[in-house]
Amino acid sequence: MGNRGMEELIPLVNHLQEALGTVGQSCSLHLPQIAVVGGQSAGKSSVLENFVGRDFLPRGSGIVTRRPLILQLLNSNKEYGEFFHCKGKKFTDFDEIRREIEAETCRLTGSNKGISPVPITLKIHSPHVLNLTLVDLPGITKVPVGDQPADIEYQIRDIIMQYICKENCLVLAVTPANTDLANSDALKLAKDVDPQGQRTIGVITKLDLMDKGTDAREILENRLLPLRRGYIGVVNRSQKDIDGKKDIMAALESERNFCLSHPAYKHMADRMGTPYLQRILNQQLTNHIRDELPAFRSHLQSQLLALNKEAEEYRKFSPDDAARRTKTLLQLVQRLAVDFEKLIEGSGDKVDTVNLSGGARINKIFHERFPNELIKVESDERKLRQEINYAIRNIHGVRTGLFTPDMAFEAIVKKQISSLKDPCIKFIDMVSQELITTVYQCIGKLSAFPQLQEETERIIITEIREQENKCRDQVLLLVDIQLAYINTKHEDFIGFTNSPQVNNQSNMNSSAQLAKNQAVASRPNRIVIHKGWLTISNIGIMKGGAKEFWFILSTESLSWYKDGEEKEKKYMLPLDNLRLRDVEKGFMSSKFVFAIFNTELRNVYKDYKCLELACNSQEELDSWKASLLRAGVYPDKIAVDGQQSSDPQLERQVETIRNLVDSYMSIIYKTMRDLMPKTIMHLMINSVKEFISSELLAQLYALGECSTLMDESPQQKQHREEVLRKHSALKEALTVIGEISTSTFTTPLPPPVDSSWIHHLSSRHRKDSAATAGRPVIRAHAPPAPRLAPAGPNSSSDGLQQLTGQHNRVAASVPRRQPPAIPGVK
């Protein structure tokens, strides 16, 4: 009876298959079993029927086994069969079992010769069997029959590979004795997935049909074409015996007599025949189960642990319990509030390392995008001077003014302040959109309850829009406040008396300015504003071409180094009198370029009047511009050409007003950059956070439809039931495993043998066949082991399809064959 004390291991695996099969995973679990592989008419079905001692498998010409048959043999006092798809029904008539197999096959594949990978599970209880679990696979075929697809060979091989590629599957390679063993497709497939021969058992059938004067003695003695686990020879019933209804027990007796009487086999008759094969398979499958069971138990425990939390939540939730539904609603809203606050305020757990989100994106809008929008508002120099000119002349009217009119200053400033409304409104819209995006990110977790998700989204978005309108009104009020009174007594405003001094500062002695720059450069203390890689793109090809350097922008200088280690400094450029201007993107260039230059037309670097710096994205460009703005490097003002008045007094007045406008608007810009983030933070972001944490639940209750809000979606209901079934099946499986002690005797694996003959001889045969046929015959490799799908957010238990105990084994790498072309119809 095989391994004494371990016979219950095979029924244990069958029990596990049943327990885990309730969650729809029985056909893909890597439970130990034996797959029977062979060509058509190789005798696979006859071997299985000899095991059972009954005729119960469909017979006929062509492909008969069109779906995998998982055959579970259990030693019992009674003889009957049970199908997994007909639970509770016992089949005592084995002819009825055959008809049920045929009917179930046709149910999926139709009445033609099509195939399907979905298995049929049959459990047979009998006093004549040993405990075994085998999978009868479709026979390997070469030529399509009837309306079979042209790639039927590769479809069958794919189905076979789904089973034999698993490390937990023993391969029973069945080959007729009256064919060339070196050409056995069964052995070739087994070699592809089991190159070390640890899982392959050879079976030689039809020994009685070999030509006279020939025998398979050297093969069965494992001397010719050896396998690690060796070969076992059997004799099946002939077609004449089957047609004549010869009893299987009588056939087994004939098989024994043949082995004892044949001169080539009588010395090893006790190691041949169906009963011996059954005992060997029972022993080897039992040992295989014993070896793999600890790893499988560990795998089940890890899967159970992963499901525990989710299953506990689903177990507590009852769709018909109003109290449970209310409690779940409260928990979901509280979790939503916590998630929203974490995304806005930042959190150390589950940090996104790929993209900015939530509060980080809003912070970027505050300190990079909004300052850039303010800079864009400034009118070009030509237009501004023209407006000042017209304002002065219109105020003087017919008179010639001797003094600079302050009304012109006030008119121009108010116009400049009014132009701030558009970027401020745009600023609010950008923050509002980021808040909405963050809300969508949070309420996605409510997808299990579609109505709750929809109502929550509507309520929160409505609140954001309301706060957005309040914030917009407040910001416009801030602009109106600035327009209401022009404070020329501000401490940072230069005033009319200091304006001429500002004009004269640009004419400072160059040597004094150089000394000042050197003094600034020598200051040891600096505040770093920005670091990053930039390419100096306007260096000539003769001087080395464009180069990338590591740039550091501080409050006083712009320095660049050879690399990010900041050891080898290439140059340090003081920021005094530097300005920034855009550079048009080249036709073939993918870089984003800006330039810095000196307003006194002095060289900024060696003999270059300007330095063109390139970065890789618009985002980097905006970030550098915002940082340079913080460091006091402002965009260039367009020079005025051909627009100057012939009146020098008027030009002096225009210049004075221009300097005053610059001074006052710098105060306004500074004020708006400070107040706008504070206003939005107070009126929008904090208000929405407070609303979600304290008001959202009340508004949901106010709808008066709390019962319908907590209705599950069909997908969520299915997922919840599936998780609970899987959790229950895992617990049952672990309970079953826990009842078995595996600390018993086991037979060691035979030593390795040289099985390279499989490749060499089959390759030689292909060449000979191709030469004989007069045309090339291309046989691709066997299909690969099927890949597992990656786990998604709702597939916490999909790991049941993997076996954790096999990490140290190297999986077979088998390229996928290409299906043949379907011949055209003339």
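Here the residue numbers are simple positions, counted from 1 along each chain's written sequence. Residues qualify for local features only when their pLDDT is at least 70, as the model is predicted, and side-chain atom pairs are given and counted only at 80 or more; totals for whole chains, interfaces and linings, by contrast, use all residues. Only hydrogens and water are set aside; all other atoms, that is, all heavy atoms of the structure, feed into the side-chain values.

1. Structural notes on the overall build of the protein
So, point 1. In DSSP terms, a helix is any run of H or I states spanning at least four residues, a strand is any run of E spanning at least two, and both are numbered starting from the N terminus. Across its full length, the protein holds 23 helices and 16 strands.
So, point 2. Remark: exposure states derive from per-residue accessible area (1.4 Å probe, protein chains only) relative to the maximum for the residue type, with buried under 20%, exposed over 50%, and partly exposed in between. Counting every position in the protein, which comprises 826 residues, the buried fraction comes to 47%.
So, point 3. Within the protein, counting contacts between residues at least 6 apart in sequence, those at least 24 apart form 77% of the total.
So, point 4. Summed over its atoms, the accessible surface of the protein is roughly 42100 Å², and 50% of this surface lies on carbon and sulfur atoms. Note on contacts: a residue pair is in contact if any heavy atoms of the two residues lie within 4.5 Å. Working definition of accessibility: Shrake-Rupley area with a 1.4 Å probe, residue cover restricted to the visible protein chains.

2. So, the environment of Y634
So, point 1. Its location among the elements puts Y634 in strand β16 (residues 634–635).
So, point 2. Since its relative accessible area comes to 37%, Y634 is described here as partly exposed.
So, point 3. Sequence-wise, Y634 and R581 are 53 residues apart; in three dimensions their C-alpha atoms are separated by 8.6 Å.
So, point 4. Ignoring sequence-local partners within four residues, the contact set of Y634 consists of L578, R579, L580 and L629.

3. Details of the sheet that holds strand β10 (residues 547–554)
So, point 1. A pair of strands is treated as paired once DSSP finds two or more bridges between them. Spatially, the eight strands line up as an open sheet ordered β12-β11-β10-β9-β15-β14-β13-β16, and their pairing is mixed. Looking along the sheet, the strands with just one partner apiece sit at the ends: β12 (569–574) and β16.
So, point 2. Alignment of β10 against strand β11 (residues 557–561), held across four bridges, turns out to be antiparallel. Residue pairing for β11: L553 is matched across the bridge by L558.

4. Digging into the side chain of S623
So, point 1. Its place among the elements puts S623 in helix α18 (residues 618–630).
So, point 2. Setting aside its immediate chain neighbours within four residues, S623 contacts E368 and H530.

5. Let's talk about the packing of aromatic side chains
So, point 1. Each aromatic pair joins two rings of Phe, Tyr and Trp (for Trp, the six-membered one) with centres within 6.5 Å, and gets the label stacked for planes under 30 degrees apart, edge-to-face for over 60, and tilted for any other angle. What the rule picks out here adds up to 14 aromatic pairs.
So, point 2. Look at W533 and W550: their rings are 5.4 Å apart centre to centre, the planes differ by 75°, and that puts the pair in the edge-to-face class. In this pair, W533 sits in strand β9 (residues 528–536) while W550 sits in strand β10, placing the two residues 17 residues apart along the sequence.
So, point 3. Residue class for W533 comes out partly exposed when judged on its relative accessible area of 35%.
So, point 4. The exposure class assigned to W550 is buried, which follows from its relative accessible area of 16%.
So, point 5. Grouped by ring-pair contacts, the aromatic residues F551, W560, Y571, Y605 and Y608 constitute a single cluster.

6. Details of the pairing of strand β14 (residues 592–598)
So, point 1. Of all seven residues making up β14, six are buried, and the element is well covered by its neighbours.
So, point 2. Looking at chain direction, strand β13 (residues 578–582) and β14 are connected through five bridges and run antiparallel. Within the sheet, the bridge partner assigned to D582 lies in β14 and is F594.
So, point 3. As paired strands, β14 and strand β15 (residues 610–615) are joined by six bridges and run antiparallel to one another. When the sheet's bridge partners are listed, A595 is paired in β15 with E612.

Without other data, these values stay purely geometric and don't point to any function.
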